[in-house]
Amino acid sequence: MFTSTQRNWIRKSHKWLTLAISIQIMLWLISGLYMVLMEIDFIRGQHLVNSDKLELDISGDILSFAELSTTYPSANSITLYASAIEPRYKIKTDKQLQVISALTGKPVAKITKAEALSLAKLLYTGSTEQIEATLLMTSPPSEVSARALPLWQINLNDALDTRLYISATTGELMSKRHAYWRIFDFMWMLHIMDYDERENIHNPLLTAISIISLLSALSGIALLLVAFQKPASKT
């Protein structure tokens, strides 16, 4: 089935291909194991906040969607949501996002530090004795997207270095981050081999290593066939 030359070529190919991807294979196994062992709701920080405390109270006299559609005819979307202060509307147009009070119809200024802290204290399930707030206008940490700026970074200073990120525009809770999430994010980076944005699963490096891994597996199958090949009979 295979000649002596072919057998030698298969053995050498499998050896060098496997050597080339051995470290990444180990990283795939380690990162994959961590990601399947961790509960995704825990990683997302669902245990950190009690969203039921932020209920949308529409029992009062609030503006209707029909009224706002008339006032803002160019709006692409109008969304009613709950804030720590009052019910509010997000009005999106092609050019901007505007927030208005659902009670008065007046535009809402940027969320203040006091409002951000009030929302964090309302939602967070742990102790808020050491809570701190920092306004992020540029260069956010890698754990949040720059597209969400401006943000209030709420530091809870707990054992897991928990941080809540609240939009300084709308007052909504945008992200929840903690130590186990950061480990998960690091493992995800190793898994998809995107060491910059940690988002692109179609990056060239991952594609190249995947192809080499496939070739290594195929050469391993060929090597197995070589091992089971009957030796040529001697005459």
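Just so we're clear, the structure is a prediction, and the values are computed from it rather than from any experiment. (Residues numbered from 1 in each chain as written. Predicted model: local features only at pLDDT ≥ 70, side-chain atom pairs only at ≥ 80, totals over all residues. Heavy atoms only, no water.)

S.K.: Could you clarify how one ought to interpret the sheet that holds strand S2 (residues 87-92) in this entry?
M.R.: In sheet architecture, strand pairing relies on hydrogen bonds along the backbone and comes in two forms, parallel and antiparallel. The three strands lie next to each other as S1-S2-S3, forming an open sheet whose pairing is antiparallel. Every other strand in the sheet has two partners, leaving strand S1 (77-82) and strand S3 (97-101) as the edge strands with one partner each. For this sheet the average axis-to-axis angle between neighbouring strands, irrespective of direction, equals 25 degrees. Across six bridges, the pairing between S1 and S2 is antiparallel. Residue pairing across strands places Thr 79 opposite Lys 90, the latter belonging to S2. (Pairing = 2+ DSSP bridges. Helix = DSSP H or I, 4+ residues; strand = E, 2+ residues; numbered from the N terminus. Axes fitted to C-alpha atoms, helices over the stretch in contact; angles between N-to-C directions.)

S.K.: Even after reading the chapter, I still don't get the pattern of salt bridges, so can you show me in this structure?
M.R.: Opposite charge on two side chains permits pairing when their charged atoms draw close. One pass over the structure, following the stated rule, counts eight salt bridges. For Arg 163, the salt bridge goes to Glu 143, with nearest N and O atoms at 3.4 Å. On the criterion of sequence distance, the pair formed by Arg 163 in strand S6 (residues 163-167) and Glu 143 in the loop between strand S4 (132-136) and strand S5 (151-155) is long-range, its members being 20 residues apart. Assigned by exposure class, Arg 163 and Glu 143 land together as buried. Residue Arg 198 pairs with Asp 185 through a salt bridge whose shortest N-O separation is 2.7 Å. With Arg 198 in the loop between helix H5 (179-192) and helix H6 (204-228) and Asp 185 in helix H5, this residue pair connects regions lying 13 residues apart in the sequence. Taking the relative accessible area as the measure of exposure, Arg 198 reaches 23% and is therefore partly exposed. (Salt bridge = Lys/Arg side-chain N within 4 Å of Asp/Glu carboxyl O. Buried < 20%, exposed > 50% of the residue type's maximum accessible area, 1.4 Å probe, protein only.)

Everything listed is a geometric property; what it means functionally is a separate question.
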